[in-house]
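Next come the chains, spelled out residue by residue.
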Amino acid sequence: MSRPYKLLVERAHQIVQISNTGQRFLKGKELNDLVVLQGDKGGYSILVDRDGFIADVDTSKVISAKYDICDVDVVIDATGQCILPGFVDAHTHPVWAGDRVHEFAMKLAGATYMDIHKMGGGIHFTVSQTRQADEEELFTSLRDRLAQMVQSGTTLVECKSGYGLDLENEVKMLKVIERARKEGGVDISSTYCGAHAVPAGKTAQEATDDVIRNQIPHIRRLVEAGELQVDNIDVFCELGVFDLNQSRDILKAGKDVGLQINFHGEELHRLNSAEPLVMNLACVTMKMSMTEALVAATLNAAHALGKSESHGSLEVGKVGNMVLVAAPSWEHLIYQMGSHNNLIWRVVWRGQTVYHKH
(Lines give C-alpha, C1' and ligand atoms only; values in the text may rest on other atoms or scores of the structure.)
Protein backbone atom coordinates (compact mmCIF):
# COMPACT_ATOMS: atom_id res chain seq x y z
CA MET A 1 0.00 0.00 0.00
CA SER A 2 1.45 3.37 -1.02
CA ARG A 3 2.01 6.10 1.50
CA PRO A 4 -0.32 9.15 1.30
CA TYR A 5 2.52 11.67 1.09
CA LYS A 6 5.34 11.84 -1.40
CA LEU A 7 7.68 14.35 0.24
CA LEU A 8 8.36 16.20 3.46
CA VAL A 9 10.93 19.00 3.49
CA GLU A 10 11.53 19.94 7.10
CA ARG A 11 13.39 22.34 9.38
CA ALA A 12 14.05 24.99 6.71
CA HIS A 13 15.34 28.29 8.06
CA GLN A 14 13.04 30.20 5.72
CA ILE A 15 10.13 29.47 3.35
CA VAL A 16 9.24 32.13 0.79
CA GLN A 17 5.60 31.43 -0.01
CA ILE A 18 5.18 34.64 -2.08
CA SER A 19 1.45 34.59 -1.24
CA ASN A 20 -0.81 32.48 0.98
CA THR A 21 -4.23 33.88 0.03
CA GLY A 22 -4.65 32.46 -3.47
CA GLN A 23 -3.77 35.68 -5.27
CA ARG A 24 -3.19 35.11 -8.99
CA PHE A 25 -0.66 37.97 -9.29
CA LEU A 26 0.84 40.78 -7.27
CA LYS A 27 1.07 44.45 -8.20
CA GLY A 28 1.97 47.81 -6.73
CA LYS A 29 2.83 47.75 -3.04
CA GLU A 30 2.00 44.04 -2.87
CA LEU A 31 5.24 43.33 -4.75
CA ASN A 32 7.28 44.39 -1.73
CA ASP A 33 5.13 42.61 0.86
CA LEU A 34 5.85 38.94 0.27
CA VAL A 35 4.73 36.15 2.61
CA VAL A 36 7.92 34.79 4.17
CA LEU A 37 8.01 32.28 7.00
CA GLN A 38 11.03 32.73 9.25
CA GLY A 39 12.04 33.20 12.88
CA ASP A 40 10.86 29.93 14.42
CA LYS A 41 13.78 28.11 16.09
CA GLY A 42 12.53 24.71 14.97
CA GLY A 43 12.25 25.78 11.35
CA TYR A 44 9.51 25.29 8.79
CA SER A 45 8.20 22.37 6.74
CA ILE A 46 6.36 21.67 3.49
CA LEU A 47 4.40 18.46 2.92
CA VAL A 48 3.60 17.23 -0.61
CA ASP A 49 0.88 14.65 -1.23
CA ARG A 50 0.92 11.53 -3.40
CA ASP A 51 -0.28 13.46 -6.46
CA GLY A 52 2.49 16.07 -6.19
CA PHE A 53 0.45 18.90 -4.65
CA ILE A 54 1.27 20.82 -1.48
CA ALA A 55 -0.71 19.40 1.44
CA ASP A 56 0.54 21.65 4.24
CA VAL A 57 2.98 24.47 5.06
CA ASP A 58 3.73 25.34 8.68
CA THR A 59 6.34 25.28 11.42
CA SER A 60 8.15 21.96 11.65
CA LYS A 61 6.77 21.54 15.17
CA VAL A 62 3.18 21.81 13.97
CA ILE A 63 3.76 19.54 10.96
CA SER A 64 5.44 16.83 13.02
CA ALA A 65 2.54 16.88 15.48
CA LYS A 66 -0.10 16.61 12.75
CA TYR A 67 1.43 13.91 10.56
CA ASP A 68 3.12 10.53 10.99
CA ILE A 69 6.53 10.48 9.29
CA CYS A 70 5.87 6.85 8.36
CA ASP A 71 3.23 8.13 5.93
CA VAL A 72 5.87 9.96 3.88
CA ASP A 73 8.01 8.44 1.10
CA VAL A 74 10.93 10.88 1.27
CA VAL A 75 12.02 13.23 4.05
CA ILE A 76 14.55 15.99 3.34
CA ASP A 77 16.34 17.85 6.10
CA ALA A 78 16.64 21.50 5.00
CA THR A 79 18.24 22.82 8.18
CA GLY A 80 19.81 26.25 7.59
CA GLN A 81 18.37 26.51 4.08
CA CYS A 82 15.59 28.49 2.43
CA ILE A 83 12.84 27.23 0.14
CA LEU A 84 11.47 29.16 -2.83
CA PRO A 85 8.72 28.37 -5.34
CA GLY A 86 10.07 26.80 -8.50
CA PHE A 87 10.97 29.53 -10.98
CA VAL A 88 8.78 30.18 -14.02
CA ASP A 89 10.22 31.14 -17.41
CA ALA A 90 7.31 32.58 -19.38
CA HIS A 91 9.09 33.21 -22.70
CA THR A 92 11.58 30.83 -24.32
CA HIS A 93 12.55 29.55 -27.78
CA PRO A 94 14.29 26.29 -26.78
CA VAL A 95 13.71 24.25 -29.96
CA TRP A 96 16.17 25.06 -32.73
CA ALA A 97 19.13 23.79 -34.71
CA GLY A 98 22.38 25.54 -35.69
CA ASP A 99 23.69 28.75 -34.14
CA ARG A 100 24.28 32.40 -35.02
CA VAL A 101 27.86 32.81 -33.89
CA HIS A 102 28.75 34.31 -37.27
CA GLU A 103 26.26 37.14 -36.68
CA PHE A 104 27.91 38.26 -33.45
CA ALA A 105 30.71 40.12 -35.27
CA MET A 106 28.09 41.85 -37.42
CA LYS A 107 26.33 43.13 -34.32
CA LEU A 108 29.62 44.32 -32.83
CA ALA A 109 30.25 46.21 -36.06
CA GLY A 110 26.95 48.04 -35.66
CA ALA A 111 24.40 45.94 -37.53
CA THR A 112 20.95 46.04 -35.93
CA TYR A 113 18.60 43.14 -35.34
CA MET A 114 16.48 44.16 -38.35
CA ASP A 115 19.59 44.73 -40.56
CA ILE A 116 20.57 41.11 -40.02
CA HIS A 117 16.98 39.95 -40.40
CA LYS A 118 16.64 41.66 -43.80
CA MET A 119 19.87 40.00 -45.00
CA GLY A 120 18.38 36.58 -44.33
CA GLY A 121 20.01 36.15 -40.96
CA GLY A 122 18.52 36.01 -37.49
CA ILE A 123 15.27 34.07 -37.42
CA HIS A 124 15.55 33.16 -41.12
CA PHE A 125 18.96 31.52 -40.65
CA THR A 126 17.72 29.48 -37.71
CA VAL A 127 14.62 28.50 -39.70
CA SER A 128 16.79 27.04 -42.47
CA GLN A 129 18.82 25.01 -39.96
CA THR A 130 15.76 23.85 -38.02
CA ARG A 131 13.96 22.72 -41.15
CA GLN A 132 16.93 20.50 -42.02
CA ALA A 133 17.01 18.89 -38.56
CA ASP A 134 14.91 15.81 -37.82
CA GLU A 135 12.65 15.41 -34.81
CA GLU A 136 15.13 13.28 -32.87
CA GLU A 137 17.92 15.85 -33.20
CA LEU A 138 15.64 18.64 -32.05
CA PHE A 139 14.32 16.57 -29.13
CA THR A 140 17.81 15.70 -27.90
CA SER A 141 18.90 19.34 -27.88
CA LEU A 142 15.65 20.47 -26.25
CA ARG A 143 16.02 17.90 -23.48
CA ASP A 144 19.56 19.16 -22.77
CA ARG A 145 18.39 22.79 -22.65
CA LEU A 146 15.52 21.95 -20.33
CA ALA A 147 17.93 20.11 -18.01
CA GLN A 148 20.05 23.26 -17.78
CA MET A 149 16.96 25.32 -16.94
CA VAL A 150 15.98 22.86 -14.20
CA GLN A 151 19.45 23.08 -12.66
CA SER A 152 18.89 26.82 -12.40
CA GLY A 153 15.61 26.30 -10.54
CA THR A 154 13.05 26.50 -13.35
CA THR A 155 10.11 24.12 -12.90
CA LEU A 156 7.59 25.68 -15.33
CA VAL A 157 8.73 26.83 -18.76
CA GLU A 158 6.93 28.16 -21.80
CA CYS A 159 8.32 26.57 -25.00
CA LYS A 160 7.63 28.13 -28.40
CA SER A 161 7.75 26.77 -31.89
CA GLY A 162 8.46 29.43 -34.53
CA TYR A 163 11.55 28.26 -36.41
CA GLY A 164 9.54 26.26 -38.92
CA LEU A 165 7.26 28.90 -40.46
CA ASP A 166 5.39 26.27 -42.48
CA LEU A 167 2.90 23.67 -41.41
CA GLU A 168 5.22 20.65 -41.62
CA ASN A 169 8.02 22.15 -39.57
CA GLU A 170 5.86 23.98 -37.05
CA VAL A 171 4.10 20.70 -36.29
CA LYS A 172 7.48 18.99 -36.05
CA MET A 173 8.56 21.49 -33.40
CA LEU A 174 5.29 21.19 -31.48
CA LYS A 175 5.66 17.39 -31.46
CA VAL A 176 9.15 17.77 -30.02
CA ILE A 177 7.76 20.01 -27.26
CA GLU A 178 4.99 17.49 -26.63
CA ARG A 179 7.54 14.68 -26.22
CA ALA A 180 9.38 16.73 -23.63
CA ARG A 181 6.14 17.52 -21.80
CA LYS A 182 5.23 13.83 -21.60
CA GLU A 183 8.73 12.92 -20.41
CA GLY A 184 8.23 15.10 -17.33
CA GLY A 185 10.73 16.59 -14.91
CA VAL A 186 9.54 20.12 -15.69
CA ASP A 187 6.12 21.59 -16.45
CA ILE A 188 5.76 22.91 -20.00
CA SER A 189 3.37 25.46 -21.46
CA SER A 190 3.43 24.92 -25.23
CA THR A 191 3.16 27.87 -27.62
CA TYR A 192 2.45 27.81 -31.35
CA CYS A 193 4.48 30.64 -32.91
CA GLY A 194 4.03 30.08 -36.64
CA ALA A 195 3.94 33.85 -37.16
CA HIS A 196 7.43 34.40 -35.76
CA ALA A 197 8.60 35.86 -39.09
CA VAL A 198 7.44 36.19 -42.69
CA PRO A 199 8.76 33.15 -44.60
CA ALA A 200 10.98 33.75 -47.62
CA GLY A 201 8.90 33.98 -50.79
CA LYS A 202 5.74 35.15 -49.03
CA THR A 203 4.29 38.52 -48.20
CA ALA A 204 3.17 39.24 -44.65
CA GLN A 205 -0.46 38.97 -45.75
CA GLU A 206 0.14 35.64 -47.49
CA ALA A 207 1.84 34.34 -44.36
CA THR A 208 -1.06 35.61 -42.24
CA ASP A 209 -3.58 33.81 -44.46
CA ASP A 210 -1.55 30.58 -44.30
CA VAL A 211 -1.39 30.69 -40.50
CA ILE A 212 -5.12 31.38 -40.12
CA ARG A 213 -6.54 29.16 -42.87
CA ASN A 214 -4.07 26.28 -42.90
CA GLN A 215 -1.81 25.98 -39.87
CA ILE A 216 -4.17 26.81 -36.99
CA PRO A 217 -7.00 24.51 -38.22
CA HIS A 218 -4.54 21.62 -38.68
CA ILE A 219 -3.02 22.12 -35.23
CA ARG A 220 -6.51 22.26 -33.76
CA ARG A 221 -7.28 18.85 -35.30
CA LEU A 222 -4.10 17.39 -33.79
CA VAL A 223 -5.06 18.78 -30.37
CA GLU A 224 -8.58 17.37 -30.64
CA ALA A 225 -7.12 13.98 -31.61
CA GLY A 226 -4.96 14.02 -28.48
CA GLU A 227 -1.69 14.12 -30.44
CA LEU A 228 -0.66 17.54 -29.16
CA GLN A 229 -1.29 19.82 -26.22
CA VAL A 230 -0.91 23.47 -27.24
CA ASP A 231 -1.65 26.19 -24.70
CA ASN A 232 -0.76 29.52 -26.31
CA ILE A 233 -0.37 31.38 -29.59
CA ASP A 234 2.34 33.94 -30.34
CA VAL A 235 3.00 36.42 -33.17
CA PHE A 236 5.83 38.86 -33.89
CA CYS A 237 4.09 42.23 -34.19
CA GLU A 238 6.80 44.49 -35.60
CA LEU A 239 7.62 46.81 -38.49
CA GLY A 240 8.72 44.64 -41.40
CA VAL A 241 7.11 41.54 -39.92
CA PHE A 242 3.39 41.40 -39.02
CA ASP A 243 1.49 44.67 -38.61
CA LEU A 244 -1.17 45.41 -36.02
CA ASN A 245 -4.13 44.19 -38.09
CA GLN A 246 -2.38 41.00 -39.20
CA SER A 247 -1.24 40.29 -35.65
CA ARG A 248 -4.74 40.89 -34.31
CA ASP A 249 -6.26 38.54 -36.90
CA ILE A 250 -3.75 35.78 -36.10
CA LEU A 251 -4.22 36.09 -32.34
CA LYS A 252 -8.01 36.13 -32.70
CA ALA A 253 -7.89 32.96 -34.80
CA GLY A 254 -5.84 31.30 -32.08
CA LYS A 255 -8.10 32.53 -29.32
CA ASP A 256 -11.14 31.24 -31.20
CA VAL A 257 -9.75 27.68 -30.96
CA GLY A 258 -8.97 28.02 -27.26
CA LEU A 259 -5.36 29.24 -27.25
CA GLN A 260 -4.15 31.87 -24.79
CA ILE A 261 -2.57 34.98 -26.29
CA ASN A 262 1.14 35.40 -25.57
CA PHE A 263 2.96 37.59 -28.08
CA HIS A 264 6.01 39.64 -29.06
CA GLY A 265 5.15 43.35 -29.08
CA GLU A 266 6.98 46.66 -28.69
CA GLU A 267 10.29 44.81 -29.06
CA LEU A 268 12.01 47.08 -31.56
CA HIS A 269 9.48 49.79 -32.42
CA ARG A 270 6.48 51.18 -30.58
CA LEU A 271 3.32 50.13 -32.41
CA ASN A 272 1.03 50.40 -29.37
CA SER A 273 0.38 46.67 -29.78
CA ALA A 274 0.38 46.05 -26.03
CA GLU A 275 -0.95 49.49 -24.78
CA PRO A 276 -1.21 49.78 -21.70
CA LEU A 277 -0.53 46.07 -20.73
CA VAL A 278 3.27 46.00 -20.85
CA MET A 279 5.87 48.20 -19.13
CA ASN A 280 8.75 48.06 -21.57
CA LEU A 281 12.17 47.38 -20.09
CA ALA A 282 10.91 47.72 -16.52
CA CYS A 283 14.00 46.14 -15.03
CA VAL A 284 16.34 48.62 -16.72
CA THR A 285 14.39 51.87 -16.58
CA MET A 286 12.67 51.37 -13.22
CA LYS A 287 15.35 49.38 -11.38
CA MET A 288 13.14 46.64 -9.98
CA SER A 289 13.72 45.69 -6.35
CA MET A 290 14.80 42.15 -5.44
CA THR A 291 11.27 41.27 -4.28
CA GLU A 292 9.81 42.60 -7.53
CA ALA A 293 12.28 40.49 -9.49
CA LEU A 294 11.38 37.40 -7.45
CA VAL A 295 7.65 37.84 -8.01
CA ALA A 296 8.32 38.40 -11.72
CA ALA A 297 10.15 35.06 -11.84
CA THR A 298 7.47 33.13 -9.94
CA LEU A 299 3.83 34.11 -9.39
CA ASN A 300 3.51 36.84 -12.00
CA ALA A 301 5.30 34.78 -14.67
CA ALA A 302 2.89 31.93 -13.92
CA HIS A 303 0.01 34.38 -14.29
CA ALA A 304 1.34 35.43 -17.71
CA LEU A 305 0.93 31.79 -18.78
CA GLY A 306 -2.50 31.41 -17.18
CA LYS A 307 -0.99 29.00 -14.63
CA SER A 308 -0.95 30.99 -11.39
CA GLU A 309 -3.84 29.01 -9.94
CA SER A 310 -1.45 26.05 -9.73
CA HIS A 311 2.09 27.48 -9.94
CA GLY A 312 4.22 30.38 -8.74
CA SER A 313 3.77 30.27 -4.95
CA LEU A 314 4.07 27.74 -2.14
CA GLU A 315 0.45 27.37 -1.07
CA VAL A 316 -1.71 24.42 -0.08
CA GLY A 317 -3.28 22.91 -3.19
CA LYS A 318 -0.63 24.14 -5.62
CA VAL A 319 1.95 21.90 -7.28
CA GLY A 320 4.91 20.92 -5.13
CA ASN A 321 7.51 22.70 -7.25
CA MET A 322 10.28 24.26 -5.19
CA VAL A 323 13.92 25.31 -5.07
CA LEU A 324 16.04 24.58 -2.00
CA VAL A 325 18.81 27.14 -1.59
CA ALA A 326 21.90 26.53 0.54
CA ALA A 327 21.68 29.92 2.24
CA PRO A 328 19.69 31.29 5.19
CA SER A 329 17.68 33.72 3.04
CA TRP A 330 16.52 33.87 -0.58
CA GLU A 331 18.25 37.20 -1.31
CA HIS A 332 21.58 35.36 -1.57
CA LEU A 333 20.55 34.14 -5.03
CA ILE A 334 20.69 37.74 -6.24
CA TYR A 335 23.40 39.01 -3.89
CA GLN A 336 25.87 36.28 -4.86
CA MET A 337 25.62 37.04 -8.57
CA GLY A 338 26.81 34.20 -10.77
CA SER A 339 26.87 31.70 -7.90
CA HIS A 340 23.46 30.10 -8.36
CA ASN A 341 25.07 26.79 -9.36
CA ASN A 342 26.62 26.66 -5.89
CA LEU A 343 23.56 27.94 -4.04
CA ILE A 344 20.82 25.82 -5.62
CA TRP A 345 21.06 22.61 -3.65
CA ARG A 346 17.97 20.81 -4.85
CA VAL A 347 15.10 21.34 -7.31
CA VAL A 348 11.80 19.60 -6.69
CA TRP A 349 9.12 19.05 -9.34
CA ARG A 350 5.72 17.84 -8.15
CA GLY A 351 7.30 16.39 -5.02
CA GLN A 352 10.09 14.61 -6.86
CA THR A 353 13.75 15.67 -6.79
CA VAL A 354 14.79 16.42 -10.39
CA TYR A 355 18.14 18.02 -9.55
CA HIS A 356 20.40 17.52 -6.57
CA LYS A 357 23.81 19.13 -6.14
CA HIS A 358 26.18 16.48 -4.78
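For clarity, every value in this text was computed on a predicted model and none was experimentally measured.

Caption draft 1: How the structure looks around the packing of helix 7 (residues 204-224) against helix 8 (residues 244-256). The contact between helix 7 and helix 8 brings their axes to 10 Å, and the two run at 5 degrees. In terms of axis orientation, helix 7 runs roughly parallel to helix 8. Here Ala204, Gln205, Thr208, Val211, Ile212 and Ile216 of helix 7 come into contact with helix 8, specifically with Gln246, Asp249, Ile250, Ala253 and Gly254. Grouping the amino acids of the contact of helix 7 with helix 8 by side-chain chemistry returns six nonpolar, four polar and one charged.

Caption draft 2: Representation of the sheet that holds strand 15 (residues 352-356). The strand order across the open sheet built from six strands is 3-2-7-13-14-15, with neighbouring strands paired in mixed fashion. Whereas interior strands pair on both sides, the edge strands pair on one side only; in this sheet they are strand 3 (35-38) and strand 15. On average, adjacent strands in this sheet sit at an angle of 20 degrees to one another, irrespective of strand direction.

Caption draft 3: Geometry of the sheet that holds strand 11 (residues 232-235). Sheet architecture is open: five strands sit in the order 8-9-10-11-12, paired in parallel fashion. Single-partner strands in this sheet number two, and they are strand 8 (87-89) and strand 12 (260-261). Bridge analysis of strand 11 against strand 12 gives two bridges, and the strand direction is parallel. Bridged to Ile233 within strand 12 is Ile261.

Caption draft 4: Structural context of the state of the cysteines. Counted by the stated rule, this structure contains zero disulfides. Left unpaired, Cys159 is separated from the closest cysteine sulfur, that of Cys193, by 12 Å.

Caption draft 5: Structural detail: unusual backbone geometry. Unusually for a residue other than glycine, Ile18 sits at a positive phi of about 75 degrees. Along the chain, the position of Ile18 falls in strand 2 (residues 14-18). Unusually for a residue other than glycine, Leu165 sits at a positive phi of about 65 degrees. By the secondary structure assignment, Leu165 is in the loop between strand 9 (154-160) and helix 6 (167-183). Overall, Leu165 belongs to the buried group, its relative accessible area being 3%.

Caption draft 6: Highlighting the packing of aromatic side chains. Scanning the entire structure with this criterion turns up one aromatic pair. Ring plane angle 80 degrees and centroid distance 5.5 Å describe the contact between Tyr5 and Tyr67, whose orientation is recorded as edge-to-face. One end of the pair, Tyr5, is in strand 1 (residues 5-12); the other, Tyr67, is in the loop between helix 1 (60-66) and strand 6 (72-77), and 62 residues separate them in sequence. Since its relative accessible area comes to 19%, Tyr5 is described here as buried. Taking the ring centre of Trp96 as reference, the NZ or CZ of Arg145 above it sits at 3.2 Å. We note Arg179 situated over the ring of Phe139; from NZ or CZ to the ring centre the distance is 3.9 Å.

Caption draft 7: Geometry of the side chain of Ser161. Counting through the fold element by element, Ser161 comes out in the loop between strand 9 and helix 6. Residue Ser161 is classed as buried on the basis of its relative accessible area of 0%. Reaching out from Ser161, the side chain makes a polar contact with the side chain of Glu170 at a distance of 2.6 Å. Of note is the side chain of Ser161, whose polar atom sits 2.9 Å from the backbone nitrogen of Cys193.

Caption draft 8: How the structure looks around the packing of helix 6 against helix 7. Running from N to C, helix 6 and helix 7 point in directions that differ by 35 degrees, and their axes come no closer than 10 Å. Seen from above, helix 6 lies across helix 7 with right-handed handedness. Contacts from Leu167, Glu170, Val171 and Leu174 in helix 6 reach Asn214, Gln215, His218, Ile219 and Leu222 in helix 7. Considering only residue class, the contact of helix 6 with helix 7 consists of five nonpolar, three polar and one charged.

Caption draft 9: Structural context of the confidence of the model for the chain. Confidence in the prediction of the chain, expressed as mean pLDDT, is 91, and 93% of residues score 70 or more. Low pLDDT, under 50, characterises residues 268-275; the stretch is placed with 19 contacts to residues that sit more than four places away or in other chains. Here residues 277-285 scores under 50 on pLDDT; set against residues more than four positions off or in separate chains, the count is eight contacts.

Conventions we followed
- Residues numbered from 1 in each chain as written.
- Predicted model: local features only at pLDDT ≥ 70, side-chain atom pairs only at ≥ 80, totals over all residues.
- Heavy atoms only, no water.
- Axes fitted to C-alpha atoms, helices over the stretch in contact; angles between N-to-C directions.
- Helix = DSSP H or I, 4+ residues; strand = E, 2+ residues; numbered from the N terminus.
- Parallel < 35°, antiparallel > 145°, perpendicular 65-115°, else oblique.
- Contact = heavy atoms within 4.5 Å.
- Nonpolar A, V, L, I, M, F, W, Y, C, P; charged D, E, K, R; others polar.
- Pairing = 2+ DSSP bridges.
- Disulfide = S-S within 2.5 Å.
- Buried < 20%, exposed > 50% of the residue type's maximum accessible area, 1.4 Å probe, protein only.
- Phe/Tyr/Trp six-rings, centres within 6.5 Å; stacked < 30°, edge-to-face > 60°.
- Lys NZ or Arg CZ within 6 Å of the ring centre and 35° of its normal.
- Polar contact = N/O pair within 3.5 Å; in protein donor to acceptor, adjacent residues only side chain to side chain.
- Left-handed = near helix turned anticlockwise from the far one by under 90°.
- pLDDT = per-residue confidence, 0-100.

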